[in-house]
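# Secondary and tertiary structure notes
If you want the building blocks of each chain, they are given just below.
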Amino acid sequence: MTPDSAIILSPGTPDGRGPRSSLHSAGAPFMDRAFRWVIFSALGIGVLTLGVLLAYVTIKGWPRLNLALIANMPSIRFPERAGAQSAITGTLWVVACTALFAIPTGILAALYLEEFARPRSRFQRLVEINIQNLAAVPSIVYGILGLGLFVRALALGQSVIAAALTLGLLVLPIVIIATREALRAVPRSIRDGSLALGATEWQTAYRQTLPAAIPGIATGVILAISRAVGEAAPLLLIGAVAFITFNPDGVLSGYTTLPIQIFNWTKDSREEFQILASATIVLLLVVLLALNFTAIWIRNRTQRRW
Amino acid sequence: MNSLPNPGVSLARGRPRYGERVISGILLAAAAVSILTTFGIVISLLVPTIEFFTEVPVLDFLLGTQWTPLFADGQFGVLPLVSGTLVITTIAVVVAIPLGLGAGLYLSEYASPRARSLLKPTLEVLAGIPTVVFGFFALEFVTSVILVKVFPDIEVFNALSAGLVMGAMIIPMVASLSEDAMSAVPVGLRDGSYALGASKRQTSLGVVIPAALSGIVAAFVLGISRAIGETMIVTVAAGLEPRMSVNPLEGMQTMTSYIAAAGAGDLSTGSLEYRSIFAVGFLLFAMTFAMNMVSIRLVRRFRQVYQ
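Residues numbered from 1 in each chain as written. Chains lettered and ligands numbered in written order. Predicted model: local features only at pLDDT ≥ 70, side-chain atom pairs only at ≥ 80, totals over all residues.

## A short note on the overall build of chain A
Within chain A, the regular secondary structure consists of 13 helices and zero strands. Helices (α) and strands (β) of chain A occur, in sequence order from the N terminus, as α-α-α-α-α-α-α-α-α-α-α-α-α. Buried positions account for 45% of the 306 residues belonging to chain A. The long-range fraction of contacts in chain A, counting pairs at least 24 apart against all pairs at least 6 apart in sequence, stands at 74%. (Helix = DSSP H or I, 4+ residues; strand = E, 2+ residues; numbered from the N terminus. Buried ≥ 20, exposed ≤ 12 C-beta atoms within 10 Å, placed from the backbone. Contact = placed C-beta atoms within 7 Å.)

Next comes the structure, spelled out in structure tokens:
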């Protein structure tokens with residue numbers, strides 16, 4: 001069979017998505033071209049929204065994108081001098097504690113489900129459906145849980161640790177789902193080889209499977225962290241709304257975070273505060289975009305073929 | 001220790017591996033955290049909700065049309081909050097479902113691998129924007145710059161801007177989930193369609209979308225669930241006035257923005273208003289839980305068909 005006849009027999013493109021354009025698009029009737037444009041513009045509207053949003057907040061926040069934004073504390077009376085320092089340090093405290101709780105718990109849970117649980121056992125299925133559901137529970141409901149459980153029942157009050165535990169439970173499904181997918185991509189033969197050499201199940205998981213899955217896990221962890229950085233709704237319920245002009249000095253300290261500070265400034269109708277809110281949004285988005293691009297970069301760099 | 005084992009040694013396990021069992025127990029405990037979270041949510045919602053219903057009859061709550069918890073003779077009829085939620089969700093869904101499906105179809109069937117590798121991360125960035133930022137955008141740009149020119153009598157806080165921006169926020173989710181479903185359709189089905197002379201559009205609409213339908217519907221359901229549960233956009237841009245209205249140019253309060261506004265205040269633990277947060281939260285959780293389960297079922301079905 002000549003290469004040419006092979007192409008005619010199999011009109012799929014190399015990635016298997018439809019006919020070769022050369023065979024097809026030359027005489028594509030009007031309806032087909034119109035349809036292609038319609039669905040492309042559906043995608044375009046999403047991208048356009050993103051562009052307009054980024055341009056708007058950057059232009060609006062430009063006058064206040066200066067060092068005072070980072071160096072100064074919030075102020076109700078002097079918007080032109082107010083800054084977001086307490087929100088920046090508060091975000092760092094809360095997100096660091098969230099990560100310390102959610103990352104190990106999520107990775108260990110995923111290890112159990114992929115490597116130790118009896119496959120297709122009732123428990124495994126229950127946990128699986130449960131995690132899928134938890135990933136889609138509205139974030140404000142986690143706020144109610146945090147209010148009832150951490151703030152009031154465990155009497156942690158409106159503290160960094162109450163916020164971190166609440167956000168930790170919120171991002172746990174993201175870490176677990178990403179880690180499970182990364183572990184599943186590690187071929188069976190690596191585990192079998194390790195077990196055949198006499199390693200125990202835990203030694204196999206810890207020294208072979210887990211290291212091979214690190215890039216996938218890292219991507220999921222970064223996405224979970226960026227979710228925690230941007231989350232505001234649950235924190236409204238568990239006490240981040242207070243006017244805070246100090247940096248947290250421990251896990252039981254009061255706090256505010258960047259999204260909450262943005263929310264508070266947005267509520268104030270004075271124009272200076274809208275500008276301040278825009279500038280803080282730019283700061284927040286820069287952090288999130290950096291996290292996002294790191295995740296995408298890791299994913300593209302490390303796509304390993306086994 | 002280093003001597004070779006006796007060839008006649010039994011292959012049955014020798015001493016029990018206590019360390020392995022301890023580790024396995026720790027891992028099990030970590031996995032159990034997720035189950036305990038669900039229990040924690042249900043219990044922390046249920047107990048105050050039951051206390052709430054000892055004072056407010058269930059039917060008055062579910063069918064009442066007055067939501068005035070701050071009045072001396074407060075009324076707790078949840079329908080104004082439900083209607084506000086449904087109006088804004090409807091606007092969001094009308095935006096997100098066609099655009100999300102179109103974007104997913106383009107990514108799955110039309111985009112070159114190179115275009116896909118650029119467009120998908122862009123959509124992921126859109127999906128990763130914090131909701132409070134979308135709220136600010138809805139209030140300060142969509143309402144104040146655009147909508148006031150189109151509708152001069154629009155209120156500062158209105159359902160339309162919140163719904164439109166929420167729709168844009170949900171596009172990436174619907175696009176990504178429906179693309180997953182369409183990419184899972186076997187190439188053979190497309191080839192068969194082309195062999196019968198169908199064009200790419202006819203194949204997309206007549207073969208790929210029907211074959212991926214359960215996954216696409218799952219994406220829609222999850223998108224609706226996301227819209228119902230979204231809090232910050234409506235809190236910032238849609239106002240805090242409970243209103244039985246279908247006019248999107250007016251402000252309205254949703255279930256989520258009531259919870260956020262009431263919870264942010266410093267309510268005493270025993271008060272009826274404090275408990276009403278949990279009752280509304282329970283209704284919200286029940287609605288989204290039902291939709292999530294439908295969506296999970298549908299996804300399982302399309303996975304089974306094509307594996």
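## A few points about the overall build of chain B
Check the secondary structure of chain B and you find twelve helices and zero strands. Based on the C-alpha atoms only, the size of chain B along its principal axes is roughly 85 × 60 × 35 Å. Considering chain B as a whole, with its 307 residues, one finds that 50% of them fall into the buried category. Sequence-distant contacts in chain B: of pairs separated by 6 or more residues, those separated by 24 or more amount to 73%.

## Some remarks on the interface of chain B and chain A
Between chain B and chain A, the residue contacts involve 77 residues of the former and 78 residues of the latter. Looking at the side of chain B that touches chain A element by element, the count peaks at 17 residues for helix α1 (residues 18-55) of chain B. Split by residue class, the side of chain B that touches chain A holds 47 nonpolar, 21 polar and nine charged. (Nonpolar A, V, L, I, M, F, W, Y, C, P; charged D, E, K, R; others polar.)

## Considering unusual backbone geometry
The phi dihedral of A:Arg120 is positive, around 55°, even though this residue is not glycine. Along the chain, A:Arg120 turns up in the loop between α5 (85-116) and α6 (122-136).

## Here we look at helix α3 (residues 30-61) of chain A
Since one α-helical turn is 3.6 residues long, residues separated by three or four positions face the same way. The end-to-end C-alpha distance of α3(A), which contains 32 residues, comes to 45 Å, matching closely the 46 Å that a straight helix rising 1.5 Å per residue would cover. Every buried residue of α3(A) is listed here: A:Phe35, A:Ile39, A:Ala42, A:Leu43, A:Gly46, A:Thr49, A:Leu53, A:Val57, A:Lys60 and A:Gly61. The secondary structure elements touched by the buried residues of α3(A) are α13 (271-301) of chain A together with α3 (79-110), α4 (113-127), α5 (131-150), α6 (159-183) and α8 (200-211) of chain B. (Expected span 1.5 Å × (residues − 1).)

## Considering the nonpolar core
A general trend in soluble globular proteins is that nonpolar side chains are found buried together. Among the nonpolar cores identified, the biggest contains 183 residues, and A:Ile144, A:Val175, B:Ala138, B:Ala162, B:Val165, B:Val174 and B:Ile233 are the most heavily contacted of them. Among the elements that take part in this core, helix α8 (residues 160-184) of chain A stands out by supplying 17 residues, more than any other. If near-sequence neighbours (up to four positions away) are discounted, B:Val165 is found in contact with B:Phe134, B:Phe137, B:Ala138, B:Val142 and B:Ile233. (Core = buried A, V, L, I, M, F, W, Y, C linked by C-beta atoms within 7 Å.)

## Notes on the confidence of the model for chain A
Residue and element names in this part refer to chain A. On average, chain A scores 85 in pLDDT, and the residues at 70 or more come to 89%. α8 holds the highest mean pLDDT among the elements of chain A, 94, whereas helix α1 (residues 3-9) holds the lowest, 41. For residues 1-14, every residue scores under 50 in pLDDT, and the model assigns this stretch nine contacts once sequence neighbours within four places are set aside. (pLDDT = per-residue confidence, 0-100.)

## Description of the packing of helix α12 (residues 258-267) of chain A against α5(B)
Packing of α12(A) against α5(B) leaves a shortest axis separation of 9 Å and a crossing angle of 20°. With respect to each other, α12(A) and α5(B) are oriented roughly parallel. Where α12(A) crosses over α5(B), the two elements pack in a sense that is left-handed. Along the contact surface, α12(A) presents A:Pro259, A:Ile262, A:Phe263 and A:Thr266, while α5(B) presents B:Val132, B:Phe136 and B:Leu139. (Axes fitted to C-alpha atoms, helices over the stretch in contact; angles between N-to-C directions. Parallel < 35°, antiparallel > 145°, perpendicular 65-115°, else oblique. Left-handed = near helix turned anticlockwise from the far one by under 90°.)

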